[in-house]
Number of protein chains: 4
Amino acid sequence: MSATLTFADAQRILTAGLAKAEEIGQPMNIAVVDAGGHLLAFGRQDGAIRASIDISQRKAVTSILMNAPTAALTPLVQPGAELYGLEQTAGGMVAFGGGVPIYREGELVGAVGVSAGSVEQDVTVAEAAAAAVKG
Amino acid sequence: MSATLTFADAQRILTAGLAKAEEIGQPMNIAVVDAGGHLLAFGRQDGAIRASIDISQRKAVTSILMNAPTAALTPLVQPGAELYGLEQTAGGMVAFGGGVPIYREGELVGAVGVSAGSVEQDVTVAEAAAAAVKG
Amino acid sequence: MSATLTFADAQRILTAGLAKAEEIGQPMNIAVVDAGGHLLAFGRQDGAIRASIDISQRKAVTSILMNAPTAALTPLVQPGAELYGLEQTAGGMVAFGGGVPIYREGELVGAVGVSAGSVEQDVTVAEAAAAAVKG
Amino acid sequence: MSATLTFADAQRILTAGLAKAEEIGQPMNIAVVDAGGHLLAFGRQDGAIRASIDISQRKAVTSILMNAPTAALTPLVQPGAELYGLEQTAGGMVAFGGGVPIYREGELVGAVGVSAGSVEQDVTVAEAAAAAVKG
């Protein structure tokens, strides 16, 4: 299996995320991007806020650009912390949870971003989505 | 009466806002948008600062994108709070008061954004404006 | 009477434009800006396309920036003509009719931009609107 | 059935478009937006160029903003034609085929944008996609 994310993979990731969102009763925006941060698949469930169309995609792209889950950035960007202002760079990043990188055979192959619920809910759904293609 | 905001509705909202602004003696920028966040009506009173041309529209759009009054966002975006950095997303949002969503038959049909006074004044005028089509 | 456009002036311009649009049976977006190109008043009639929210404002601003009606720019920006590419500059201008500068006592005090109909209709409504404050 | 596009509708539109793209052997980017031009569903098939991530979404949004298929704009924006330069406005529009508005009960409820093939292929897929919720 090659270390790239196919559209079929992206659809599986999206479907798993949508199912988890339904399970926890929070409609979501879910975005899946490839290793270059380019959108592969997206869905917005009925009732999910529209600000999160952008935020979900931006979380996924941030995960690619930083090679890290967006939740890991939260302490780093606070006033006085080392990367204060980071979110203003690279075209605008998101520094709260809900973006999760996806690895295959040790390589970063894509990311998923989830937004519309609480940060905890977003992370829960993003992890469930990412798990759909993990080993 | 259908669940959309007509131009006549928007004019009533704007007129009510302008009247309230005069009543409290603070010239304002007032913007009314439809359910998709697209501008329907706008007015800037003599003496109101011009930065608020953008701010008032952005408050209205933020109310649509977040499905919430902008005042509700203020605590959420502070340093250390859950959505720190939120205002950088979705094309730029405003996280202080003065944007108010408008509902009809339970559906989000539009929003009004007011800016140029103190936040308290902006909220007062926005609520008076929105009330023109409620009930 | 001083050489500036008040909000009351802008409302008269807008009202005259809206009336002309109804008279010719073409719903319009109508924007009125001050001498600095900053929005004073705006209205979008039911049925007018939403692309014209931006186009009407851009026509008004272009009239200020060029100190000319936008219709005057059309021949100048064609391939091979002297100002080919002009519309890409200054933040994006519009080089077809519907933007009309407004003068008072020989000074440029504002402009009106109209969009959503044919160029001929847009110009007709813009001129009717501008005439509401002319000497 | 109410005059809005649900996420289930958007998924049906996307699925129909993906199927038509496979049938004609041209991988595509397909975007579905709601009546306000906000993204509902998106898919990029393996091998489809990534420039079309943006183009497909922009075609869908253009169809909303202009209330017309993007193919209808092509003659209007040519040098010498009435709306030369139109595509520079409203945040950037696309004036070639592949964007198709979707109506329900006579109301504009959304649009689909398709990009990555020839314009003829894009239009074919967009029409097949839109047809999934018509009638």
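Residues numbered from 1 in each chain as written. Chains lettered and ligands numbered in written order. Predicted model: local features only at pLDDT ≥ 70, side-chain atom pairs only at ≥ 80, totals over all residues. Heavy atoms only, no water.

- As recorded in an unreviewed UniProt entry, chain A goes by Heme-binding protein and comes from Pseudonocardia acidicola.

**As for the overall build of chain A**
Thinking step 1. In terms of helices and strands, chain A carries 3 helices and 4 strands.
Thinking step 2. Ordered by position from N to C terminus, the α and β elements of chain A give α-β-β-α-β-β-α.
Thinking step 3. Computed over C-alpha atoms, the radius of gyration of chain A comes to 14 Å, within 12% of the 14 Å expected from 2.2 N^0.38 for 135 residues, which places it in the range of a compact globule.
Thinking step 4. Seen along its three principal axes, the alpha-carbon backbone of chain A occupies a region of about 40 × 35 × 20 Å.
Thinking step 5. With the model as given, the accessible surface of chain A reaches about 5200 Å², and the carbon-plus-sulfur share is 54%.
Thinking step 6. The average position of the 8 basic charges and that of the 13 acidic charges among the side chains of chain A differ by 5 Å. (Helix = DSSP H or I, 4+ residues; strand = E, 2+ residues; numbered from the N terminus. Rg over C-alpha atoms; globule rule 2.2 N^0.38 Å. Areas by Shrake-Rupley, 256 points an atom, 1.4 Å probe, with all protein chains shown as cover. Lys, Arg positive; Asp, Glu negative; His and termini not counted. Charge placed at Lys NZ, Arg CZ, Asp CG, Glu CD.)

**A closer look at the relation of the copies chain B and chain C**
Thinking step 1. Rotating chain B by 180° and translating it 0.1 Å along the rotation axis places it on chain C, where the RMSD comes to 0.1 Å. Here the symmetry operator amounts to a two-fold rotation axis. Nearest to the rotation axis, the C-alpha of Phe 42 of chain B is located 2.4 Å from it, this being the minimum over chain B.
Thinking step 2. Both copies share a contact surface, since 100% of the interface residues of chain B are interface residues in chain C too. (Least-squares fit on C-alpha atoms with pLDDT ≥ 70 in both. Contact = heavy atoms within 4.5 Å.)

**Concerning the interface of chain B and chain C**
Thinking step 1. Each partner contributes to the interface: chain B provides 17 residues, whereas chain C provides 17 residues.
Thinking step 2. At the boundary of chain B with chain C, total buried surface from both sides reaches about 1400 Å², with 54% on carbon and sulfur atoms.
Thinking step 3. The three residues of chain B that bury the most area against chain C are Phe 7, Leu 39 and Arg 44 of chain B, which together make up 38% of that side's buried surface.
Thinking step 4. Between the two partners, chain B and chain C, sit 3 salt bridges.
Thinking step 5. Two residues, Asp 34 of chain C and Arg 50 of chain B, come together in a salt bridge whose shortest N-O distance is 3.8 Å. (Buried area = accessible area lost by both parts, 1.4 Å probe. Salt bridge = Lys/Arg side-chain N within 4 Å of Asp/Glu carboxyl O.)

**A word on the sheet that holds strand β4 (residues 107-115) of chain B**
Thinking step 1. An order of β3(B)-β4(B)-β1(B)-β2(B)-β2(C)-β1(C)-β4(C)-β3(C) is seen for the 8 strands of this open sheet, with the pairing classed as antiparallel. This sheet does not close on itself; its edge strands, each paired only once, are β3 (99-104) of chain B together with β3 (99-104) of chain C. The sheet shows a mean angle of 15° between the axes of neighbouring strands, taken without regard to direction.
Thinking step 2. Bridging between β3 of chain C and strand β4 (residues 107-115) of chain C involves 6 bridges; their strand directions are antiparallel. When the sheet's bridge partners are listed, Val 100 of chain C is paired in β4 of chain C with Val 112 of chain C. (Pairing = 2+ DSSP bridges. Axes fitted to C-alpha atoms, helices over the stretch in contact; angles between N-to-C directions.)

**Notes on the interface of chain D and chain A**
Thinking step 1. Each partner contributes residues to the interface: chain D has 17 residues there, and chain A has 17 residues.
Thinking step 2. Across the interface of chain D and chain A, roughly 1400 Å² is buried in total on both sides, 54% from carbon and sulfur atoms.
Thinking step 3. Per-residue buried area on chain D facing chain A is highest for Phe 7, Leu 39 and Arg 44 of chain D; these three make up 39% of the total on that side.
Thinking step 4. Linking Arg 44 of chain A and Asp 34 of chain D is a salt bridge whose minimum nitrogen-to-oxygen distance equals 2.9 Å.
Thinking step 5. Summed over the shared surface of chain D and chain A, the result is 11 residue pairs in polar contact (both at pLDDT 80 or more).
Thinking step 6. Those elements that provide at least two residues to the side of chain D that touches chain A are α1 (7-24), β2 (39-44) and α2 (51-66) of chain D.
Thinking step 7. Relative to β2 of chain D, strand β2 (residues 39-44) of chain A is paired through 3 bridges, and the arrangement is antiparallel. (Polar contact = N/O pair within 3.5 Å; in protein donor to acceptor, adjacent residues only side chain to side chain.)

**Brief notes about the sheet that holds β2 of chain A**
Thinking step 1. Here we have 8 strands laid out as an open sheet, ordered β3(A)-β4(A)-β1(A)-β2(A)-β2(D)-β1(D)-β4(D)-β3(D), and antiparallel in their pairing. Sheet topology places β3 (99-104) of chain A together with β3 (99-104) of chain D at the edges, where each strand pairs with a single neighbour. For this sheet the average axis-to-axis angle between neighbouring strands, irrespective of direction, equals 15°.
Thinking step 2. Where helix α2 (residues 51-66) of chain A meets the sheet, it contacts β1 (29-34), β2, β3 and β4 (107-115) of chain A together with β2 of chain D, and its direction lies at approximately 155° from that of β4 of chain A.
Thinking step 3. Against the sheet, helix α3 (residues 119-131) of chain A engages β1, β3 and β4 of chain A, with an angle of about 145° to β4 of chain A.

**Some details on the relation of the copies chain D and chain A**
Put simply, the second copy of the chain is the first one after a rotation about an axis and a shift along it.
Thinking step 1. When chain D is fitted onto chain A, the two copies agree to an RMSD of 0.1 Å after a turn of 180° and an axial shift of 0.1 Å.
Thinking step 2. Taken as a fraction of all interface residues of chain D, those also at the interface in chain A reach 100%, which identifies the copy contact as same-surface.

**Description of the environment of Ala 132 of chain A**
Residue and element names in this part refer to chain A.
Thinking step 1. Tracing the sequence through the fold places Ala 132 in the segment after α3.
Thinking step 2. For Ala 132, a relative accessible area of 27% translates into the label partly exposed.
Thinking step 3. For the pair Ala 132 and Gly 17, spaced 115 residues apart in sequence, the C-alpha separation works out to 8.6 Å.
Thinking step 4. The contact partners of Ala 132, leaving out residues within four places of it in the chain, are Arg 12, Ile 13 and Ala 16. (Buried < 20%, exposed > 50% of the residue type's maximum accessible area, 1.4 Å probe, protein only.)

**Side note on the side chain of Thr 70 of chain C**
Residues and elements named next belong to chain C.
Thinking step 1. Among the structural elements, Thr 70 can be located in the loop between α2 (51-66) and β3.
Thinking step 2. Taking relative accessible area as the criterion, Thr 70 reaches 0% and is therefore assigned buried.
Thinking step 3. A distance of 2.7 Å separates a polar side-chain atom of Thr 70 from the backbone oxygen of Phe 96.

**Here we look at unusual backbone geometry**
Thinking step 1. Located in the positive-phi region is Asn 67 of chain B, a residue other than glycine, with phi close to 55°.
Thinking step 2. Note on placement: Asn 67 of chain B falls in the loop between α2 (51-66) and β3.
Thinking step 3. A relative accessible area of 37% places Asn 67 of chain B in the partly exposed class.
Thinking step 4. You will see that Ala 116 of chain D, though not glycine, has its phi angle at about 145°, which is positive.

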